[in-house]
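Here are the chains, one letter per residue:
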Amino acid sequence: MRTGRSLLIVFFALVTAASFNISAAPAQDKKIPVVATFSILSDLVKNVGGDRIEITTLVGPNSDTHVYAPTPADAKKVAGAKVVFVNGLGYEGWMTRLVKASGSKAPSVVASKGVKSRKMEEEGRQVTDPHAWQSIGNAKIYVTNIRDGLIAADPASKSAYEANASAYLAKLDALETEVKDAISKIPADRRRLITSHDAFGYFGAAYGLEVIAPEGVSTESEASAQDVAKIIRQIKSEHIPAVFMENITDHRLLDQIARETNAKIGGELYTDALSGPDGPAPTYLDMFRHNVGALTEALSS
Ligand SMILES: [Zn+2]
């Protein structure tokens, strides 16, 4: 009897909520236009924004954000956005000029705000490593910044952004456990990897791998002949098992290194961009699983 009555109350509550939604529909159904600078960040924003946002990505799948040249069409996209999401840490050097050119007054949310950044010496100067998203711990910080940025831009959908963010944070927690478990199965003396540009610094620090990269933290400068010769010597003397291609960089340098050292090519890693929808890394979660799968396979045997 009590159950029947409770159900009735729930039923009326639902009817009331439903009619309220119908009357509020025009304002509620309008998605807010947002821009994200690159595909990995865009996927994180999509997971928090869900169906409340209409997202535009400036640098698409398999493309290199370091050396991106914005177009007049990008200025239009930024001009139409209610909020703009950037990685920060010096990654999108072209963004300040683009925002200025667009005339946009929309707030820019720096997704990496609060991340403990890695600094390194490169050609005698101190540079900041922008690839913070390659640690899942940092991705969680990105997600909370994205959530807060969306709530500030669109307070009416606050509860939806909060619910989406906590659901996605739970997925990141599960992914983190899975990744740590997989890396722990690689023999300790084989946890070393070589990629062309230095995009796995945060990854290496978070999961205990040594990362060697001839090109530094940006793809702008090419590796010098001395750098390449040094890495070839290192691979030979330390018996580093595998070198990895990247989806955004030219494969020729690593082909040469692999040829001269007999190190095997350990497959292609997704560093700075996702794959297209039909590739192996169309989302952040897929990217991480693909990369860790390629690493464990090449480094374990
Ligand atoms: Zn990079």
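Structure report, in brief. (Residues numbered from 1 in each chain as written. Predicted model: local features only at pLDDT ≥ 70, side-chain atom pairs only at ≥ 80, totals over all residues. Heavy atoms only, no water.)

1. Observations regarding the sheet that holds strand 1 (residues 32–38)
Keep this limit in mind: Paired strands are those between which DSSP finds at least two bridges. A helix here means a DSSP run of H or I that spans at least four residues, while a strand means a run of E at least two residues long, and both kinds are numbered starting from the N terminus. For helices, the fitted line uses only the C-alpha atoms of the stretch in contact; every axis is such a line through C-alpha atoms, and the angle between N-to-C directions lies from 0 to 180 degrees.
One open sheet holds the 4 strands; their spatial order is 2-1-3-4, and the pairing between them is parallel. Edge positions in the sheet fall to strand 2 (53–59) and strand 4 (108–110), since each of these pairs with one other strand and no more. Between one strand axis and the next, the sheet turns by 25° as a mean value, whatever way the strands run. Pairing of strand 1 with strand 3 (residues 83–86), which is carried by 3 bridges, proceeds in the parallel orientation. For V34, the partnering residue across the bridge sits in strand 3 and is V83.

2. Things to note about the side chain of D129
Rule in force here: Nitrogen and oxygen atoms within 3.5 Å of one another constitute a polar contact, given that in protein one can donate a hydrogen and the other can accept it, and given that sequence-neighbouring residues count only through two side-chain atoms. Any two residues whose heavy atoms approach within 4.5 Å are treated as being in contact.
Topologically, D129 is positioned in strand 6 (residues 125–129). Among the polar contacts made by the side chain of D129, one reaches the side chain of R118 at a distance of 2.8 Å. Not counting residues within four places of it along the chain, the set of residues in contact with D129 comprises L89, R118, M120, D198, G201, Y202 and V217.

3. Let's talk about the packing of aromatic side chains
For clarity, the cut-off: Each aromatic pair joins two rings of Phe, Tyr and Trp (for Trp, the six-membered one) with centres within 6.5 Å, and gets the label stacked for planes under 30 degrees apart, edge-to-face for over 60, and tilted for any other angle. A simple rule labels every residue: compare its accessible area, found with a 1.4 Å probe on the protein chains alone, to the largest value its type can have, and call it buried under 20%, exposed over 50%, or partly exposed in between.
Overall, the coordinates contain 9 aromatic pairs when judged by the stated rule. Measuring from centroid to centroid gives 5.0 Å for F38 and Y91, while their planes differ by 70°, and the two rings are edge-to-face. Taken together, the residues span a long stretch of sequence, with F38 in strand 1 and Y91 in the loop between strand 3 and helix 5 (95–102) at a distance of 53 residues. Taken individually, F38 and Y91 each receive the classification buried, so the pair is uniform in this respect. Look at F203 and Y207: their rings are 5.1 Å apart centre to centre, the planes differ by 65°, and that puts the pair in the edge-to-face class.

4. Looking at the packing of helix 4 (residues 72–79) against helix 5
Test applied: Roughly parallel here means an angle under 35 degrees, roughly antiparallel means over 145, roughly perpendicular means 65 to 115, and every remaining angle is called oblique. Note on residue categories: nonpolar means Ala, Val, Leu, Ile, Met, Phe, Trp, Tyr, Cys or Pro, charged means Asp, Glu, Lys or Arg, and polar means any other residue, Gly included.
Closest axis-to-axis distance for the helix 4/helix 5 pair is 8 Å, and the angle between their directions is 70°. As judged from the angle between their axes, helix 4 and helix 5 are roughly perpendicular. For the pair formed by helix 4 and helix 5, the contact residues are D74, A75, V78 and A79 on the first element and M95, L98, V99 and S102 on the second. Grouping the amino acids of the contact of helix 4 with helix 5 by side-chain chemistry returns 6 nonpolar, 1 polar and 1 charged.

5. A closer look at the coordination of the zinc ion
So the rule is basically this: Metal-coordinating donors are taken as N, O and S atoms lying within 2.8 Å of the metal, or within 3.2 Å when the metal is Na, K or Ca; because water is left out, some sites can appear incomplete. Any site counts as irregular unless it has four donors with all angles between 85 and 135 degrees, making it tetrahedral, or four or six donors with opposite ones more than 155 degrees apart and the rest between 65 and 115, making it square planar or octahedral.
Protein-derived coordination of the zinc ion comes from H66 (NE2), H131 (NE2), H197 (NE2) and D272 (OD), at a distance range of 1.9 to 2.0 Å. Here the zinc ion binds 4 donor atoms, and the angle range of 94 to 116° at the metal identifies the geometry as tetrahedral. In the primary sequence, the donor residues of the zinc ion line up as H-x64-H-x65-H-x74-D. One end of the pair, H197, is in the loop between strand 7 (192–194) and helix 8 (201–207); the other, D272, is in the loop between strand 10 (264–269) and helix 11 (284–300), with 75 residues separating them in the sequence. Assigned by exposure class, H197 and D272 land together as buried.

6. Overview of the pairing of strand 9 (residues 242–246)
Formally: Handedness of a crossover: with both strands directed away from the viewer, a clockwise path from the first strand across the helix to the second marks it as right-handed.
Judged by how many residues are buried, strand 9 sits mostly within the fold: 5 of 5 residues are covered. Covered by surrounding structure in strand 9 are A242, F244 and E246 together with V243 and M245, the residues of both alternating faces. As paired elements, strand 9 and strand 10 share 4 bridges and run parallel to each other. If you follow M245 over to strand 10, its bridge partner there is E268. You can see the chain leave strand 9, run along helix 10 (residues 252–261) and come back into strand 10, and the turn it takes is right-handed.

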